There are 2 protein chains.
Amino acid sequence: MAAAGRTRSVRPPSTAQRRTALIGILSSGGRVGCSGRHASVAHTGGDAAGPSGGRATVRPVYNDPVPRSLRACFEGGCSVNTSRARLLELWRAAAEAGTPLPSEATLAAELGVSRPTVREELIRLESHGMLTRLPSAGTFPNRFALDMGLRLDQSYEFSDMLREAGYEPSMEVLSAGWGELDAVRAARLDVRPGTAAFVTVKRWSANGQPVMVAVDHIPASPSRSPEPDASATVFELVRELRGSTVEWELSFVEARLAEDEERELLGLPDPSSVLQVTMTGISVLGVKLYLAEETHRQGVVPYGLIRTVPR
Amino acid sequence: MAAAGRTRSVRPPSTAQRRTALIGILSSGGRVGCSGRHASVAHTGGDAAGPSGGRATVRPVYNDPVPRSLRACFEGGCSVNTSRARLLELWRAAAEAGTPLPSEATLAAELGVSRPTVREELIRLESHGMLTRLPSAGTFPNRFALDMGLRLDQSYEFSDMLREAGYEPSMEVLSAGWGELDAVRAARLDVRPGTAAFVTVKRWSANGQPVMVAVDHIPASPSRSPEPDASATVFELVRELRGSTVEWELSFVEARLAEDEERELLGLPDPSSVLQVTMTGISVLGVKLYLAEETHRQGVVPYGLIRTVPR
């Protein structure tokens, strides 16, 4: 792999480039609604936001005892099956008690699945820093794994992440509509400059305090769906506009000084630092489906990661 | 899990708390040497840094065609065995060609291992966003996984991460010696305030440009090893001073304004944003072994993450 190839593909847009585009989006007006980001949310129909930027409380559509932060440990596992849910309960019990998990054979009997299946599930949890399997010693849970706030290494609906970290989430769509990709964003999405894209600007709050603004670009043809539902999640919009599902998010994380507009949107003094997370959604076949530029206010919600130390 | 419990455990030290401690450490002087951070490095004996803060080029002690960014996908896999190394070669070839990987049966024959073993290795790679396994469709590599710069979700030697991202790393130990933990750090380490700790301050550069300053605290008794080798890695120091190995790093990521001392150490104008990564090293039994406070200069090296989107 040539170093040049790496350098080319990893540069987020410069601050100046972002500033120009964000101003353009915000000043262009556009439709306003209330929306979830990644997963389906139930809309509080009565208080859809108007152009002045109202606020809507978001309610989850699921009611599941297993939190998403655990469910996200299983790729393909948003629809947690019974044995997985039970395994997660056992993991949690062991983590809280500070004891090893039962043996693979015991777990297999308890869950009603084969021992190789148990082993595969344990490997998934191990890869996410939830436990470690020590040969001939046992399976040890990482009891800190439930106390990490938002896990930056996981991808699920931002409102759910806030709720699980102990905050009451809300969100607004500040702007939505069709535009054209500039050269920098087009390059990041492997399309030509000027390609049409559906663009949304959304703001999330935690306990009423603004914490994140996301600008999403989905390159597509307006003829496919001239009026997509801006309140849909980016995943739903990608499915509608691209006919494809998102497998991975390539994310780049950077601390930078907040721009004037961002400080205004997030309620920050000058100067302030914000965390920028720039994501490209990728299909299973390596097609870039969308670009998301998130600006995170700091000091309100902790952003955690668990990393396993190679032996 | 009570929200209060989460909130308690996830707060990094405040900026003011950090400032005070960092100034104290830097002004206390201490011994100076040249050091690796996490893994063993070969020291260039002739140019060990003096108290004025010289610079030493760090050379890796391994010579392995499989980069650490891939090896880190396997917990316990720093000593990559032959079949894993071969699997990673096959992954890379498929990623570069944009083709699916061979079937599990073919891989098992090729690697000389059982099919369940192959499946387990593929699950590990899948959990790290390196590929996806689609039932009855195939195993698809994520061809972007090698082009992510430093992967913030992986833990290995920082000099190696810089080198793999295409930079020439160097590092200095700015300070090292025994101190006492203040109340905030003691709380983060689950020990009493005033507990003795071995403290190092190190600075890394990429192509001669300072990019990171790390302050590491290892609570221990000075009587166990009154003069530990400050040029050892934090993992080696933990082993010497605590008799234990590190299994996980709980990390918190935050953008914040750089303090005067940090701007000086990293060569930054005022105001500047830095990325703070605060880590607690955890043993397999849940004992907190060290606290590392890293301040990362931004805009030089990209910090990437790959997140799998739950279906």
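Residues numbered from 1 in each chain as written. Chains lettered and ligands numbered in written order. Predicted model: local features only at pLDDT ≥ 70, side-chain atom pairs only at ≥ 80, totals over all residues. Heavy atoms only, no water.

The name given to chain A in an unreviewed UniProt entry is HTH gntR-type domain-containing protein, with the source organism recorded as Cnuibacter physcomitrellae.

Right, let's get into the relation of the copies chain B and chain A. For the pair chain B and chain A, the best superposition has an RMSD of 0.0 Å and corresponds to a rotation of 180 degrees with a translation of 0.0 Å parallel to the axis. Both copies of the chain, as the preceding transformation shows, are related through a two-fold rotation axis. Residue Ala255 of chain B, judged by its C-alpha, is the member of chain B lying nearest the rotation axis, at 2.3 Å. (Least-squares fit on C-alpha atoms with pLDDT ≥ 70 in both.)

Summed over all chains, the structure comprises 38 salt bridges over all chains. When the shortest N-O distance is used, the salt bridge between Lys288 of chain B and Asp190 of chain B registers 3.7 Å. Taken as a pair, Lys288 of chain B in strand E12 (residues 288-297) and Asp190 of chain B in the loop between helix H8 (183-188) and strand E8 (196-206) lie far apart in primary sequence, 98 residues in all. Given a relative accessible area of 13%, Lys288 of chain B falls into the buried group. Linked through salt bridges whose partners overlap, the residues forming this network are Glu104, Arg115, Arg119, Glu126 and Arg133 of chain A together with Glu120 of chain B. (Salt bridge = Lys/Arg side-chain N within 4 Å of Asp/Glu carboxyl O. Helix = DSSP H or I, 4+ residues; strand = E, 2+ residues; numbered from the N terminus. Buried < 20%, exposed > 50% of the residue type's maximum accessible area, 1.4 Å probe, protein only.)

Contact residues are listed per partner, giving 81 residues for chain B and 81 residues for chain A. Roughly 7500 Å² of surface becomes buried between chain B and chain A when both sides are summed, with 58% attributable to carbon and sulfur atoms. Our count for the contact surface shared by chain B and chain A stands at four salt bridges. Arg119 of chain B serves as the salt-bridge partner of Glu120 of chain A, at 3.4 Å between the closest nitrogen and oxygen. Put simply, chain B and chain A have 28 residue pairs in polar contact (both at pLDDT 80 or more) between them. Of all elements in the fold, only helix H1 (3-10), helix H4 (82-97), helix H6 (115-127), strand E4 (131-134), strand E5 (138-141), strand E10 (248-257), strand E11 (273-282) and strand E13 (303-308) of chain B reach the threshold of two or more residues within the side of chain B that touches chain A. For the side of chain B that touches chain A, the element with the highest residue contribution is E10 of chain B, accounting for ten residues. (Contact = heavy atoms within 4.5 Å. Buried area = accessible area lost by both parts, 1.4 Å probe. Polar contact = N/O pair within 3.5 Å; in protein donor to acceptor, adjacent residues only side chain to side chain.)

All names here are of chain B. Taken N-terminus to C-terminus, the directions of H4 and helix H5 (residues 104-111) make an angle of 130 degrees; their axes are 10 Å apart at the nearest point. Comparing the axis directions of H4 and H5 gives the class oblique. Two packed elements cross with a definite hand, and for H4 against H5 that hand is right-handed. Each of Ser83, Arg86, Leu87 and Leu90 in H4 lies in contact with H5, whose residues at this interface are Leu107, Glu110 and Leu111. Split into classes, the residues belonging to the contact of H4 with H5 amount to four nonpolar, one polar and two charged. (Axes fitted to C-alpha atoms, helices over the stretch in contact; angles between N-to-C directions. Parallel < 35°, antiparallel > 145°, perpendicular 65-115°, else oblique. Left-handed = near helix turned anticlockwise from the far one by under 90°. Nonpolar A, V, L, I, M, F, W, Y, C, P; charged D, E, K, R; others polar.)

Before going further, it helps to spend a moment on the packing of helix H4 (residues 82-97) of chain A against helix H6 (residues 115-127) of chain A. Each packed pair of helices is defined by two parameters, the angle between the axes and the distance between the axes. All names here are of chain A. Close contact between H4 and H6 brings their axes to 12 Å; oriented N to C, the two are set at 55 degrees. Judged on the interaxial angle alone, H6 and H4 are oblique. For the element pair H4 and H6, the recorded crossing hand is right-handed. When H4 is examined against H6, the residues Arg84, Leu87 and Leu88 are found in contact with a partner set consisting of Glu121, Leu122, Arg124 and Leu125. The class makeup of the residues in the contact of H4 with H6 is four nonpolar, no polar and three charged.

Moving on: the side chain of Arg307 of chain B. Assignment of secondary structure puts Arg307 of chain B in strand E13. Within the structure, the side chain of Arg307 of chain B is placed 3.1 Å from the backbone oxygen of Leu152 of chain A, a separation counted as a polar contact. A distance of 3.4 Å separates polar atoms of two side chains, one belonging to Arg307 of chain B and the other to Ser251 of chain A. Discounting residues that sit within four places of it in the chain, Arg307 of chain B has contacts with Leu152, Asp153, Gln154, Ser155, Glu247, Trp248, Glu249, Ser251, Val277 and Met279 of chain A.

Once that is clear, we can look at unusual backbone geometry. Residues and elements named next belong to chain A. For the peptide bond that leads from Asp270 to Pro271, omega is 0 degrees, which places it in the cis range. Along the chain, Pro271 falls in the loop between helix H10 (260-266) and strand E11 (273-282). Positive phi, close to 55 degrees, is recorded for Ser136, a residue that is not glycine. Turning to its location among the elements, Ser136 is positioned in the loop between strand E4 (131-134) and strand E5 (138-141). A relative accessible area of 87% means that Ser136 is categorised as exposed. With a phi angle near 55 degrees, Asn207 is a residue other than glycine that sits in the positive phi range. Along the polypeptide, Asn207 turns up in the loop between strand E8 (196-206) and strand E9 (209-219).

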